[in-house]
Amino acid sequence: MSIFRRNKPTAAPAAPAAPAAPVAVLERDSITGAYVIDASHSRLGFSARHAMVTTVRGQFADFDGTATVDAENPAASSVTINIRPASISTGTADRDGHLVSGDFFDVENFPAITFVSTDVERDGAEWTITGDLTIKGVTKPVTIPFEETGTAVDPFGNTRVGFEGATTINRKDWDLSWNAALETGGVLVSEKIKLEFDVSAIKSA
């Protein structure tokens with residue numbers, strides 16, 4: 001036997017993992033009901049091109065919303081979302097300060113952004129929600145395609161439903177028109193803004 005060979009110590013048996021709390025998955029058509037958006041497990045974000053070369057991403061930390069879901073009669077469904085733009089976060093304090101100023105959201109005079117649905121359509125797990133988006137007192141229609149990402153009863157007994165969606169708007173349509181020209185051509189901030197929604201809602205009735 002080689003003197004360089006050493007017996008490996010026997011590893012202690014791993015402790016059994018604690019069982020995960022059960023999560024019951026629901027049938028898709030059982031989601032009909034009234035819901036409240038769970039802001040702590042949702043994200044309302046956006047992305048924009050910066051200096052023509054990169055993408056800046058941000059989100060709003062303070063928002064709330066309600067929804068009525070009718071799986072059998074989607075047209076009877078509705079969504080309302082209220083966002084406080086003063087809660088914007090892009091990872092840079094100076095940029096956030098500029099965004100809440102009069103050049104952009106002007107939060108002192110317009111403290112809320114709202115979305116109120118006017119039409120809801122459904123095709124299986126795909127939902128299309130059209131509604132009025134109001135920013136800085138300007139209201140324009142927006143259509144957002146959503147995908148139903150799942151339904152479940154969580155370990156606390158809450159019935160949850162999840163949706164993900166995105167759409168692109170032109171910020172100038174809502175009087176968010178500030179910009180700066182680049183010496184090499186183009187502008188500092190793109191006019192097109194992608195809105196991103198990752199929503200978890202809890203059934204309230």
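1. Comments concerning unusual backbone geometry
Thinking step 1. Backbone geometry at Lys136 places phi at a positive 55°, although glycine is not the residue there.
Thinking step 2. Located in the positive-phi region is Asp175, a residue other than glycine, with phi close to 65°.
Thinking step 3. Here Asp175 is to be found in the loop between strand S11 (159-170) and strand S12 (189-203).

2. Here we look at the packing of aromatic side chains
Between two aromatic rings, the relevant description is the distance of the centres plus the angle of the planes.
Thinking step 1. By the definition in use, this model includes five aromatic pairs.
Thinking step 2. Between Phe46 and Phe60, the aromatic rings sit 5.6 Å apart at their centres with planes inclined by 45°, giving tilted as the arrangement. Note that Phe46 is positioned in strand S3 (residues 43-50) and Phe60 in strand S4 (residues 54-60), a separation of 14 residues in sequence.
Thinking step 3. On the basis of relative accessibility, which here comes to 11%, the residue Phe46 falls in the buried class.
Thinking step 4. We classify Phe60 as buried; its relative accessible area is 10%.

3. Remarks on the confidence of the model for the chain
Thinking step 1. Averaged over every residue, the pLDDT of the chain is 86; residues scoring 70 or more account for 80%.
Thinking step 2. Here residues 1-12 is modelled with pLDDT under 50, and outside its nearest four sequence neighbours on either side it reaches zero contacts, counting other chains as well.
Thinking step 3. Overall, residues 18-22 carries pLDDT values under 50, and its contacts beyond four positions in sequence, including any with other chains, amount to four contacts.

4. What to know about the nonpolar core
Thinking step 1. Ranked by size, the top nonpolar core spans 39 residues in total, and within it Phe105 and Leu133 carry the most contacts.
Thinking step 2. At five residues, the largest contribution of residues to this core is made by S12.

5. Considering the pattern of salt bridges
Thinking step 1. Under the criterion given, the structure shown has seven salt bridges.
Thinking step 2. The residue Arg84 makes a salt bridge to Asp62 at a minimum N-O spacing of 3.0 Å. With Arg84 in the loop between strand S6 (78-83) and strand S7 (88-89) and Asp62 in the loop between S4 and strand S5 (63-69), the pair connects residues that are 22 residues apart, well separated along the chain.
Thinking step 3. For Asp62, a relative accessible area of 35% translates into the label partly exposed.
Thinking step 4. Taking the shortest distance from any N to any O, the salt bridge between Arg160 and Asp154 comes out at 2.8 Å. The pair Arg160 / Asp154 is uniform in exposure class, with both members buried.
Thinking step 5. Sharing partners across several salt bridges, the network here consists of Asp38, Asp154 and Arg160.

6. Some details on the side chain of Ser87
Thinking step 1. Note that Ser87 resides in the loop between S6 and S7.
Thinking step 2. Among the polar contacts listed, one links the side chain of Ser87 to the backbone nitrogen of Ala61, at a separation of 3.2 Å.
Thinking step 3. Excluding anything up to four places from it in sequence, Ser87 contacts Gln59, Phe60, Ala61 and Asp62.

7. Describing the pairing of strand S8 (residues 113-123)
Thinking step 1. Note that S6 and S8 share four bridges and pair antiparallel. Directly across from Thr80, in S8, lies its bridge partner Val116.
Thinking step 2. Pairing of S8 with strand S9 (residues 126-135), which is carried by nine bridges, proceeds in the antiparallel orientation. Across the sheet, Thr114 pairs through a bridge with Thr134, a residue of S9.
Thinking step 3. Linking S8 to S9, which pair antiparallel, is a turn of two residues; within it Gly124 sits at a positive phi near 65°.

8. Some words on the side chain of Ser77
Thinking step 1. By the element assignment, Ser77 lies in the loop between S5 and S6.
Thinking step 2. Within polar-contact distance, the side chain of Ser77 engages the backbone nitrogen of Asp70 at 2.8 Å.
Thinking step 3. When near neighbours in sequence (up to four residues on either side) are disregarded, Ser77 contacts Thr68, Val69, Asp70, Val120 and Trp127.

Basis of the calculations
- Residues numbered from 1 in each chain as written.
- Predicted model: local features only at pLDDT ≥ 70, side-chain atom pairs only at ≥ 80, totals over all residues.
- Heavy atoms only, no water.
- Helix = DSSP H or I, 4+ residues; strand = E, 2+ residues; numbered from the N terminus.
- Phe/Tyr/Trp six-rings, centres within 6.5 Å; stacked < 30°, edge-to-face > 60°.
- Buried < 20%, exposed > 50% of the residue type's maximum accessible area, 1.4 Å probe, protein only.
- pLDDT = per-residue confidence, 0-100.
- Contact = heavy atoms within 4.5 Å.
- Core = buried A, V, L, I, M, F, W, Y, C linked by side-chain atoms within 4.5 Å.
- Salt bridge = Lys/Arg side-chain N within 4 Å of Asp/Glu carboxyl O.
- Polar contact = N/O pair within 3.5 Å; in protein donor to acceptor, adjacent residues only side chain to side chain.
- Pairing = 2+ DSSP bridges.

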